[in-house]
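Chain by chain, the residues run as shown.
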Amino acid sequence: MTTYYTKSHEWIRVDGEQATVGITTHASEELGELVFVEAKDEGTEVAAGDAAAVVESVKAASDIYAPVAGTLAGFNDALSDDPTLVGRDAEGEGWIFRMTVSNPDDLKGLLTAEQYKSL
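- The name recorded for the protein chain in an unreviewed UniProt entry is Glycine cleavage system H protein, from Gluconobacter albidus.
- If you open the UniProt record of the protein chain and go to Sequence similarities (unreviewed entry), you find "Belongs to the GcvH family."
- The heading Subunit (unreviewed entry) in the UniProt record of the protein chain holds the text "The glycine cleavage system is composed of four proteins: P, T, L and H."

**Section: the packing of aromatic side chains**
Then, in step 1: With the rule as written, the count across this model stands at 1 aromatic pair.
Then, in step 2: Residues Tyr 5 and Tyr 116 carry aromatic rings whose centres are separated by 5.0 Å and whose planes lie at 20° to one another, so their mutual orientation is stacked. You can see Tyr 5 sitting in strand β1 (residues 2–5) and its partner Tyr 116 sitting in helix α4 (residues 113–117), a full 111 residues away along the chain. Side by side, Tyr 5 and Tyr 116 carry an identical accessibility label, which is buried.
Then, in step 3: Note that Arg 13 overlies the ring of Trp 11, its terminal NZ or CZ placed 4.3 Å from the centroid.
Then, in step 4: Above the face of the Trp 95 ring, Arg 98 is positioned so that its terminal group lies 4.0 Å from the ring centre.

**Observations concerning the sheet that holds β1**
Then, in step 1: Read from one edge to the other, the open sheet built from 6 strands follows the order β1-β2-β3-β9-β8-β5, with strand pairing classed as antiparallel. Sheet topology places β1 and β5 (45–46) at the edges, where each strand pairs with a single neighbour.

**Overview of unusual backbone geometry**
Then, in step 1: Look at His 9: it is not a glycine, yet its phi comes out positive at around 75°.
Then, in step 2: Mapped onto the secondary structure, His 9 falls in the loop between β1 and β2 (10–15).

**Focus on the UniProt feature "modified residue: N6-lipoyllysine" (unreviewed entry) in the protein chain**
Then, in step 1: As annotated by UniProt and renumbered to match this structure, "modified residue: N6-lipoyllysine" (unreviewed entry) occupies Lys 59.
Then, in step 2: In this structure, Lys 59 sits in the loop between β6 (51–57) and β7 (61–65).
Then, in step 3: For Lys 59, a relative accessible area of 60% gives the class exposed.
Then, in step 4: Those residues in contact with Lys 59 that sit more than four places away from it in its chain are Glu 29, Glu 30, Leu 31 and Gly 32.
Then, in step 5: A polar atom in the side chain of Lys 59 sits 3.4 Å from the backbone oxygen of Glu 30.

**Some details on the UniProt feature "domain: Lipoyl-binding" (unreviewed entry) in the protein chain**
Then, in step 1: In the numbering adopted here, UniProt assigns the feature "domain: Lipoyl-binding" (unreviewed entry) to residues 18–100.
Then, in step 2: The straight-line gap between the two end C-alpha atoms of residues 18–100 is 5 Å; of that span, 18% is helix and 43% is strand.

**Focus: the pairing of β6**
Then, in step 1: In terms of burial, β6 is a largely internal element, 5 of the 7 residues being buried.
Then, in step 2: Here strand β4 (residues 34–39) pairs with β6 via 5 bridges, running antiparallel. Each residue of the ladder has a partner; that of Ala 39, found in β6, is Ala 53.
Then, in step 3: In terms of strand pairing, β6 meets β7 through 5 bridges, oriented antiparallel. Considered in β7, the bridge of Ala 51 is made with Tyr 65.
Then, in step 4: A loop of 3 residues connects β6 with β7, the two strands running antiparallel in sequence.

Reading guide: rules and limits
- Residues numbered from 1 in each chain as written.
- Predicted model: local features only at pLDDT ≥ 70, side-chain atom pairs only at ≥ 80, totals over all residues.
- Heavy atoms only, no water.
- UniProt positions renumbered as here; feature names shortened; annotations may be inferred.
- Phe/Tyr/Trp six-rings, centres within 6.5 Å; stacked < 30°, edge-to-face > 60°.
- Helix = DSSP H or I, 4+ residues; strand = E, 2+ residues; numbered from the N terminus.
- Buried < 20%, exposed > 50% of the residue type's maximum accessible area, 1.4 Å probe, protein only.
- Lys NZ or Arg CZ within 6 Å of the ring centre and 35° of its normal.
- Pairing = 2+ DSSP bridges.
- Contact = heavy atoms within 4.5 Å.
- Polar contact = N/O pair within 3.5 Å; in protein donor to acceptor, adjacent residues only side chain to side chain.

Written out as structure tokens, the structure is:
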């Protein structure tokens, strides 16, 4: 599995054509405590950069963008009951949605962990 990052603070962990997407620890800290998380319906096709989910915190609401083109394959149901899970483990159990990657070449335009940390 390989993890990539976006300049808009999403991460995508890829295993073949399947990927898991969430927000980075930095983004989670900036947003503060989350009170609501919702992703678009399973089966929705998204282009890279399309809003695929939304998170709401006590500070603001923010769209979560698809890092690559693909089809949404599921939502982290645990977040429906406990959206604060994102704040406790943003880059692990606090993932937001899964997707099938349409074009693996899209990953080449994303950042490595080292590149992201240097932002």
